[in-house]
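Survey of secondary and tertiary structure
Residue strings, one per chain:
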Amino acid sequence: MAAPGVAVPPARATSATSPLLIAEAPPALDRGGGVRPRRSGPAAACPSVSVVFPGAVSRESCCRFACELLKHVLYQRHQLPLPYEQLAYFCRRAVQDGDVIKKPPSMDLASKKCQQVLMELEGVLQHLEVMFSLTLVPRVLILLGGNVMSPKELYELNLEGIYEGSAEESLKTASCVRKLFHSLFVADVFSELKALPVMGTVVMLQGHRDCGVDWFRPKLNYKVPTRGRKLTVNLSCDGDINISASPPQHMTSTWEDYVWFQAPVTLKGFHE
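The model shown is predicted, which means the values in this text are computed figures rather than measured ones. Along each chain, the written sequence defines residue order, and numbers are assigned to residues from 1. Totals for whole chains, interfaces and linings use all residues, but because this is a predicted model, local features are given only for residues with pLDDT of at least 70 and pairs of side-chain atoms are given and counted only at 80 or more. Values shown for side chains rest on all heavy atoms present in the structure; no hydrogens or waters enter the calculation.

**Observations concerning helix 2 (residues 59–76)**
A run of DSSP states H or I qualifies as a helix once it reaches four residues; a run of E qualifies as a strand once it reaches two. Both are numbered from the N-terminal end. Take the number of residues in a helix, subtract one, and multiply by 1.5 Å to get its expected span. Spanning 18 residues, helix 2 covers 26 Å between terminal C-alpha atoms, matching the ideal 26 Å at 1.5 Å per step. A simple rule labels every residue: compare its accessible area, found with a 1.4 Å probe on the protein chains alone, to the largest value its type can have, and call it buried under 20%, exposed over 50%, or partly exposed in between. Counting buried residues along helix 2, 15 of its 18 residues qualify, which places the element largely inside the surrounding structure. H78 occupies a position one or two residues after helix 2 and carries a positive phi of about 65°.

Laid out in structure tokens, this is it:
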């Protein structure tokens, strides 16, 4: 999923505020720190960020949104010591240099933990790609801590307002990802949160009950938790929509045919 080498997290962009951003939280810095106005009232407990793309979006882009948000949340909520791409680069480099450079036992242990975390995370990302290739995915949940019924924190990616188009008639994935993370940067939903200890992360998503996926486990009676801190990222399309693009996902099928699926692995965070 990730490009090789060291990459700068997209959420740290400093370009001008998008006029299409609708957020319930004032701008501030992300995990890097900084002093910004303190939030108060309901927005502090349940913020949301809405991003409107000026055209149709491909299903591959939707998958990329989900994967990049998962990696970003794990880093911002201190479940990864570095952004995913940087962590992958340094851990793989450590493995390559292992026979040449003698490391203290503590560093070897950290390297083993790093390799395990990367392997599990990459597995989830690969299976997300498969899931998106099999079915429309209107919603994705990233659940931190606790359990799936009562997590400590919940991050929801809502794709119901997306117009799905072919690769040729859709907006470029890279530009859409930049727009998404610029919006998250401006809304700054992470900087005032207390650092979390290492905990488990579970991914859930909605898909058609007959999509044929064999890795994710169906949870037919699952209800989205209403307790705990929640951030909702709403994505939709507007503007120049090609006539052949599919209508928003919430219009394409009866929701009775869509059920929740749960990843069968829990991603374990680690600190340096």
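**Things to note about the state of the cysteines**
Throughout, a disulfide means two cysteine sulfur atoms within 2.5 Å of one another. Within the structure shown, the criterion is met by one disulfide. One disulfide in the model links C91 with C114; its S-S distance is 1.4 Å. Disulfide C91-C114: the torsion about the S-S bond is 110°, which places it as right-handed. Here C114 lies in helix 4 (residues 105–134) and C91 lies in helix 3 (residues 84–96), a separation of 23 residues in the sequence. Classification of C91 as buried rests on a relative accessible area of 9%.

**A word on the packing of aromatic side chains**
Pairing of aromatic rings covers Phe, Tyr and Trp, the last through its six-membered ring, and needs centres within 6.5 Å; plane angles under 30 degrees mean stacked, over 60 mean edge-to-face, and all others mean tilted. Taken as a whole and judged by the stated rule, the model has five aromatic pairs. On the numbers, 5.3 Å between centres and 15° between planes, the contact of F53 with F65 is stacked. Remark: F65 occurs in helix 2 and F53 occurs in strand 2 (residues 48–55); sequence separation between them is twelve residues. Summarising the burial analysis for this pair, F53 and F65 share the class buried. Centre to centre, the rings of W215 and F216 are 5.0 Å apart; their planes meet at 90°, and the pair counts as edge-to-face. Relative accessible area serves as the criterion here: at 3%, F216 is assigned to the buried category.

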